[in-house]
Each structure stands twice: as structure tokens, then as C-alpha cells.
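Working through the structure, step by step
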Amino acid sequence: MTADAPPPHRRGLSLRARLTLVATVAVAVVLVAGAVALSVALGAARTAALDDVVRERSDTLAALVADDRVPGALPVAQPGEIAQLLDDAGGVIATSTTASRTLPVVDAATLAGWRTRAGTDVLVVGTDAGAYDDVARAAVRAVVYRGEPATLVTTVPATDVQGVLRALQVALLVIVPVLTAGFGLVLWTVLGRALAPVEQLRAAADRVASTGGPGSLPVPAADDELGALARTLNAMLDRLEVAAARQRAFVADAAHELRSPVAAARAAVEVAAAHPEAYPVADLVADLEPQVARMQTLVDDLLVLARVGASQAERGPVDLGAVAADAVASVVPAARERRVRVDVAGDATAIGTADGAGRAVRNLVENAVRHARHDVRVRVEGGPRGARVVVDDDGAGVAVGDRERVFERFVRLDDARERDSGGAGLGLAIAREVARELGGDVRIEDAPAGGARAVLELPAG
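Within every chain, residues take consecutive numbers counted from 1 along the sequence as written. Given that this is a predicted model, residues contribute local features only at a pLDDT of at least 70 and side-chain atom pairs are listed and counted only at 80 or more, while totals for whole chains, interfaces and linings are drawn from all residues. By convention in this description, side-chain values take in all heavy atoms of the structure and omit both hydrogens and water.

Concerning the sheet that holds strand β1 (residues 73-74)
Criterion used throughout: strands pair if DSSP finds at least two bridges between them. Each helix is a run of DSSP H or I of at least 4 residues and each strand a run of E of at least 2, with the numbering of both proceeding from the N terminus. Taking strand neighbours across the sheet as the criterion, the six strands line up as β1-β3-β2-β6-β5-β4 in an open arrangement whose pairing is mixed. Of all strands in the sheet, those bounded by a partner on one side alone are β1 and β4 (123-127). Pairing analysis gives six bridges linking strand β2 (residues 82-87) to strand β6 (residues 148-157), with the strands arranged antiparallel. Paired with Ile 82 across the two strands is Thr 155, which belongs to β6. Residue contacts follow a heavy-atom distance rule, with two residues in contact if any of their heavy atoms lie within 4.5 Å. Only C-alpha atoms enter the line fits that serve as axes; for helices the fit covers just the stretch in contact. Angles between N-to-C directions range over 0 to 180 degrees. Sitting on the sheet, helix α1 (residues 15-66) touches β1, β2, β4, β5 (136-145) and β6, and the angle it makes with β5 is about 20°. Packing against the sheet, helix α2 (residues 108-118) makes contact with β2, β4, β5 and β6, and its axis sits at approximately 145° to β4.

What to know about unusual backbone geometry
In the Ramachandran plot, Asp 68 falls in the positive-phi region, its phi being about 55° despite a non-glycine side chain. Following the sequence through the fold, Asp 68 ends up in the loop between α1 and β1. Exposure categories follow from relative accessible area, calculated using a 1.4 Å probe and restricted to protein chains: below 20% of the type maximum is buried, above 50% is exposed, and the middle band is partly exposed. For Asp 68, a relative accessible area of 43% gives the class partly exposed.

Concerning the confidence of the model for the protein chain
pLDDT measures how confident the predictor is about each residue, on a scale from 0 to 100. Here the protein chain averages 82 in pLDDT, while 90% of its residues score no lower than 70. Confidence drops under pLDDT 50 across residues 415-422; counting only partners more than four residues distant or on other chains, this segment forms 14 contacts.

Regarding helix α7 (residues 354-371)
Each residue after the first adds 1.5 Å to the expected span of a helix. Taking 1.5 Å as the rise per residue, α7 with 18 residues should run 26 Å; its terminal C-alpha atoms sit 26 Å apart, in good agreement. Counting buried residues in α7 gives 14 out of 18 residues, a clear majority hidden from the surface.

Considerations on the environment of Asp 326
Positionally, Asp 326 belongs in helix α6 (residues 320-337). Linking Asp 326 and Gly 358, residues 32 residues apart in sequence, is a C-alpha distance of 7.8 Å.

Some details on the pattern of salt bridges
By salt bridge we mean one thing: a side-chain nitrogen of Lys or Arg within 4 Å of a carboxyl oxygen of Asp or Glu. Counting across every chain of the model gives 23 salt bridges. Residue Asp 88 is joined to Arg 115 by a salt bridge in which the shortest nitrogen-to-oxygen separation is 3.8 Å. Placement of the pair is Asp 88 in the loop between β2 and β3 (92-96) and Arg 115 in helix α2, with a sequence separation of 27 residues. Of the charged contacts, one joins Arg 405 and Asp 402 as a salt bridge, the two residues approaching to 3.5 Å between their closest N and O atoms.

Structure (C-alpha cells):
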């Protein structure tokens, strides 16, 4: 591989795969976050409920202790609940039937820490240091029993809560991946159907590109963005095909037009080479000069057509009166040869380029001189909607049915006279294309003198 060679194309994930992956990951994150939030919220709710139970039980027993009505067995409501009244050393003074009368619910060190934290309030803590349950919620309250300090401890087992949370977490560990996988599968299928028209457009465009010929893209039945895109692309393909057809016709017509002068020049050169004594150089030059001039005119016109639309010249105010006067001055020699008088009058300002406007006006005047019998009148007019250059001749005019056809390239309505005058059938085509490039237009009408009137319209300055 050379240093200037482009890197090899690496095919990545398809749009369908990327969209599915991104959406599936996003859904998985949301589901995991939801599962964690659900577990935390459920655990907090169940723990708060247990705290309410154990605090209520502690309040009930504290009232019995304060009234010195402690029964032989402290009352509890649910299996697994423990209630004990412990002395200052941690010994059991009274207990519920769910605990031993000699084994305290917690050791002395833990009990001392709880009493310090509780102070005069009720301390509700979670613990797994109990002697009777692995995990419990415990309420610790400092009380006075028969004049001596004591501690009332009540516990409620939290194993059920832990079991529920573990079951929920296990279920979520199964449900979240299943839901994520299901969502990804459904999204993959939906995206496949949604992007099928895009793939059809791509395949059709690839076929059109590979064949290099005309073609169209399938338009989805739904009137949505893809349908609009397909219609726009089809319109673009149609315009490209029209442009390609025009280019092919243009090249064919140009080659056809060049064949005649080239063939005539070649024949003259061959005759002069074969019979130099019978073909003086002066005669050869006289025969070649009109053919070379004709080829030069055709090449110049082709160059102008090729440059239409590619000019980057800045547009601005153009003095159409001066442009028309220059155009008339350039055709005076040809007009004198044909004994045609050319008059120019009027003044106006248009927006455009001096070169473009000058080329369009000159072509219209040259065409009028070519077809006029005696007079050509050029009039420049200004108005609120635009500036106009009106070119009238007193020739045969142009039939209504031919007034658009004359603007096609290489079209001649009077073929013999066009060839004699050196015209290639490009003058009016160039004038219209230049005018439209400048935001105006050219049309053909009837002249008052009976000939043709060419009207060039440009935006007003």
C-alpha cells in the first residue's frame, strides 16, 4: 500500500444494529435502575412497618413497667417476637415466653452500647447479634423498675423481610435480562421493517449507479419522510437523466456541426497537396478561411455554453444602454455587408454582469441582422418589474409554433441562410441560458414591422 492510498474501508455495525444496541442498553439501564429502586423502596417500607410494630410493643411494655404491673411472662403478639426486661448488669428480670429466663437477647457489651445511644428515647436498630434470631429489628428503652435502672428490649424478626427482598432480587435478576432480550428482539424486528424501504432505496440506487443508465427508486406506500425522500431522489434522477441526454445530444450535434467545416478544409488541403500546381496558395487560403472562421465561431459558442452557470462574477448594476450600444457597434460591419441599418435608443439599469448581459444582447442583435431585410431597431426600456432590451427586425418573422424551438441548440429555421452566414444555431440558445442565469428570460414576439421581436428581460437595478 502506498503512502497516498486511502485506508481500506472497514464495515462497522449497521444502522439497524447500532440503533438496537443503543436502545437495548438504555432500556437495560432503566430496568436495572428500576429494579434497584424497587428493592430499596420495598425494603425501606417493610422495615418501617417492623419499626412501628416493635416501637408500639415497647411503648406497651414500658407502661406496664412504669405501673409496676410486669407479668410473669411479657406479652408478645407474633411468633418470633421477644421482649425482655434486663437489669443494669444485663441479667434477665422478666421475659416473654419466646425467650429464655436466663439468656439475655443480647450480650452485655451490645446492651451497654444501645443504652448509651438511646438515652431517654427509644432506639430502634437493626441487629444480627441477637441470641434468638439472626436478623431482627430491636427497640431499646431505658426504664426504672422498682427504683432500679433497667433496660426494656423488644425485637421483631426481620428474616421475612430479608427473604422477600432476596426473592425479589432473584426474580429481578431473571426478569430484567428476559425483558431486555425481548425488547431487543422486538426492536430489531421493528427496525428491520421500518428500514426495509431504506434498503430498497439503497439497492435501487446501487443498480442505477452500476448500470449508469436511467432508472427510478421505489416510492414507499406511506406518505412519510421516506416517501418524500424517494420522490425527491427520483426527481433528481430525472433531472440528471435529462441533463445527460442533453449533454449527449449536445456532443452529437457539436460533432455533426464540426464535421462539415473539417471535411471541407480537409478536402481543400488534400486537393492542394495532390495538385499543387493547379491549386495556388491564395485559392487554398480563400477556401479554408470561411471554414476555419465557422469552426472558430462554433468553438467559441460551445465554450460560452460550457461556462454558463459556472461564472463566479459578482452581480451588480449594469447600464443596459451602454451594453446595447456596444453590442450594436460590434455587429455594424456585418450589418453593412447585408445593407441593414441598426438603430439603438433608450437607457435602463439592470442587475447582472456586464459580460453576460452584453453576450445576450449581442446574440439577439446578430440574429436580427442575419434575418432582417433593411432595418433592425434596438430599444432599451426600464420599468418597476425589470429592465428590457427589445430587438425588432423587418424580416420574415418566426411562426408561433417555432418560437420556443428556436431556443434549442443547433436549431435553424432557415438552414441555408444560417450556414452561409456562419451561424451554428447556438446564438438564441446562449442568449436565453445567459438571461436565465442572470434571473431573467428571452422570448420571441411579433415585431410591428412584420418581422420578429426578441425581448430580453432582466431584474431591475
